[in-house]
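# Working through the structure, step by step
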Amino acid sequence: MAEILAALRSLMSSHDPPLHALVVPSEDYHQSEYVSARDKRREFVSGFTGSAGLALITMNEALLWTDGRYFLQATQELTGEWKLMRMLEDPAVDVWMANNLPNDAAIGVDPWCVSIDTAQRWERAFAKKQQKLVQTSTNLVDKVWKNRPPVETYPVTVQQIEFAGSSVVEKLKELREKLTNEKARGIIITTLDEVNLSFFSFLCSNIYKPSCFFQVAWLYNIRGTDVPYCPVVHAFAIVTTNAAFLYVDKRKVSSEVISFLKESGVEVRDYDAVSSDVVLLQSNQLNPPADVQGSDLIWADPNSCSYALYSKLNSDKVLLQQSPLALAKAIKNPVELDGLKKAHIRDGAAIVQYIIWLDKQMQEIYGASGYFLEGEATKEKKHSGTVKLTEVTVSDKLESFRASKEHFRGLSFPTISSVGPNAAIMHYSPQSETCAEMDPNSIYLCDSGAQYQDGTTDITRTFHFGKPSAHEKACYTAVLKGHIALGNAVFPNGTCGHTLDILARLPLWKYGLDYRHGTGHGVGSYLNVHEGPQSISFKPRNVPIHASMTATDEPGYYEDGNFGIRLENVLVVTDANTKFNFGDKGYLSFEHITWAPYQIKMINLKSLTPEEIDWLNAYHSKCRDILAPYLDEAELAWLKKATEPASA
């Protein structure tokens, strides 16, 4: 790391103008949360592997900002040259730069890797001391990254109408109607799929704000494998009142895909042409010219469009507003909802098969009392010479169960397979060389998901195959109570997610406990596992929840050095059938679409209310009935035992 920092500081000194600081974001040119290997610049310079973070390099300091999910991980991964800056505890990055860098300081950043909103916020902060944000013409990290991974050319595929539920022609028609309503003649779409966390916005304002990414794939009904775990294509799009363009590496696009897009009214152009075409769009010289008719604005989402593209536009003629595709994609159509539900059923069967397998292995190899019974396991393996189970080998087995299911296309994120103290690292990513061995006397947390062509899944369950302590049971029960409370919420139309977040935290707060992550995020339809603009979080976000949206329900609790607990289901927002309808607002509720049992021996049943026990039993009954057709006789017998009615 020291050599990398020295090389960057040399480039900063020789830059015109010389740079006092260099910002290295996590995001790529599309403001993506998950990025390809060659775009992991922040990880390359800092060694921190978490998905969210920002590096700042000055001439004598190196600082890394990240959120509460990664505090423990960052502490373990950062070397002595780096200082960890804890979001919500330490000054935000723009505040730190404004206060600690000299007057007239030049702060460099690759404008392709920063959004309009973030760049403008920084410029406002810097103006107080005549500091300036400098757009570097090339990415300085790329210059010192000698073994940077090459560009991959994975093929683009079509998401057929039987899975998409809406054609490209229909989506373009709706988009153009929104352009007309806003007096815009065109829109620049830089994101690959859909809406997600804007880490930059959060860093600067300490307020959660989503930024769009991955809209191109949804709008044009295409998919790819350019980004790990996300079935998307590195591409831009421009849509005007009478034309639509896709900017992509043409080596990835087959003649069949080109024909599909052409029939849908989309012209394929070279990826790099987007820069010059934005200039032409500004002057309405992009062929064919848009039909203006009093509409002369160019729409750009300030949370996702790169500052590089925005800088090519006349700022007076730009409509800075959330992309209209954000809400359109978040509200699932009936075909997408049906696909999501079917995908979660198959996924639930894989999860149950995995738990059964793991339960048997833990008993046979480690002498564990198992999923159902409580008892201390032997410290030594029951059979000497048996291959040990590790966090990675068991997660690989889980993937094999999923891979056997119809429409499986891969994982939706790296599986968080974590034992004991590792489970306290919220977004822990086990590596085969360093991961822990399974321990029957410790909690095991597994947060995982898959990509199926008809839907994306995300589920977390926490287990103990030995004898959980009274404290572990109390914590698990509090998490479960919050999980139930949120899933059972009924609320009026117009309610935002941060209003509901407290429901999941109250049972933990009663014990003086809490967790440092949001409670829920949207989930894509064979797209990104983290989707917005909706969220359920303690961070205010003025985005109402709508019927047919998805949201996860995932409270947790983590004790550094000891254990972690999280429970997660995916929910679909539905219209609630309430007795009354005050204010004629209409009311909403949630429907669970994730199916896997909760471990009864981890629950202090006496702490549950009768209503909570009724809910638990009803959920388990549905789980048993829904998954039964996908399990063999022995598996179903195990599930029946795991879902037997509970009572206090």
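Residues numbered from 1 in each chain as written. Predicted model: local features only at pLDDT ≥ 70, side-chain atom pairs only at ≥ 80, totals over all residues. Heavy atoms only, no water.

As a reminder of what qualifies: UniProt positions are given in the numbering used here, feature names are shortened, and annotations may be inferred rather than shown by experiment.
As annotated in an unreviewed UniProt entry, the chain is Xaa-Pro aminopeptidase P from Citrus sinensis. The annotation that UniProt attaches to the chain under Cofactor (unreviewed entry) is "Mn(2+)".

### Observations concerning the environment of Ser-548
This is how the line gets drawn: We count a stretch as a helix when DSSP gives it H or I for four or more residues in a row; a strand needs E for two or more, and each element gets its number in order from the N terminus. In what follows, residue pairs with any heavy atoms lying within 4.5 Å of each other are defined as contacts.
Relative to the helices and strands, Ser-548 is located in the loop between strand 25 (531–536) and strand 26 (550–553). Between the C-alpha atoms of Ser-548 and Val-573, which are 25 residues apart in sequence, the distance is 5.1 Å. Sequence-distant contacts of Ser-548, defined by excluding residues within four places in its chain, comprise Ala-330, Ile-331, Lys-332, Leu-337 and Val-573.

### Structural notes on the domain arrangement of the chain
Quick reminder of the rule: As annotated, the domain borders come from an automatic or database domain assignment. Accessible surface is computed with a 1.4 Å probe, and the buried area is the amount of it that two parts give up when combined, taken over both parts together. Salt bridges are defined as contacts in which a side-chain nitrogen from Lys or Arg sits within 4 Å of a carboxyl oxygen from Asp or Glu. Here a polar contact means two N or O atoms within 3.5 Å. Within protein one must be a hydrogen donor candidate and the other an acceptor candidate, and residues neighboring in sequence count only if both atoms are side-chain atoms. Polarity classes work like this: nonpolar for Ala, Val, Leu, Ile, Met, Phe, Trp, Tyr, Cys and Pro, charged for Asp, Glu, Lys and Arg, and polar for all others, with Gly in that last group.
Segmenting the chain into domains produces domain 1 (1–144), domain 2 (157–329) and domain 3 (334–376 + 388–642). Listed as interface residues are 38 residues of domain 1 and, on the opposing side, 41 residues of domain 2. Interface area, domain 1 with domain 2, both sides summed: about 3,100 Å², of which 66% is carbon and sulfur. The three residues of domain 1 that bury the most area against domain 2 are His-30, Trp-112 and Ile-116, which together make up 24% of that side's buried surface. Between domain 1 and domain 2 we count zero salt bridges in total. At the junction of domain 1 with domain 2, the criterion picks out 12 residue pairs in polar contact (both at pLDDT 80 or more). Within the residue set of the side of domain 1 that touches domain 2, elements represented by two or more residues are strand 3 (62–66), helix 4 (93–100) and helix 5 (116–126). Among the elements that take part in the side of domain 1 that touches domain 2, helix 5 stands out by supplying eight residues, more than any other. Along the lines of polarity and charge, the residues of the side of domain 1 that touches domain 2 split into 18 nonpolar, 10 polar and 10 charged.

### What about helix 1 (residues 2–14)?
What counts is decided by this rule: For a helix, the expected span equals 1.5 Å multiplied by the residue count minus one. Accessibility here uses a 1.4 Å probe with only protein chains present; expressed as a share of the type maximum, an area under 20% marks a residue as buried, one over 50% as exposed, and anything in between as partly exposed. What the arc measures is the spread of directions leading from the helix axis to the C-beta atoms.
Compared with the 18 Å implied by 1.5 Å per residue over 13 residues, the 19 Å span of helix 1 between its first and last C-alpha is a close match. Taken as a whole, helix 1 has its buried residues at Ile-4, Leu-5, Leu-8, Arg-9 and Met-12. The buried side chains of helix 1 occupy one side of the element, clustering within an arc of 130° when seen end-on. Summarising the geometry of helix 1, the exposed residues directed more than 90 degrees from the buried face are Glu-3 and Ser-14. Tucked into the core, helix 1 has its buried residues touching strand 1 (21–25), helix 2 (41–46), strand 2 (54–58), strand 3 and helix 6 (140–144).

### Concerning the environment of Gln-120
By the secondary structure assignment, Gln-120 is in helix 5. Residues Gln-120 and Asp-560, 440 residues apart in the sequence, show an inter-C-alpha distance of 37 Å. When neighbours within four sequence positions are excluded, Gln-120 is seen to be in contact with Tyr-307, Tyr-310 and Leu-320.

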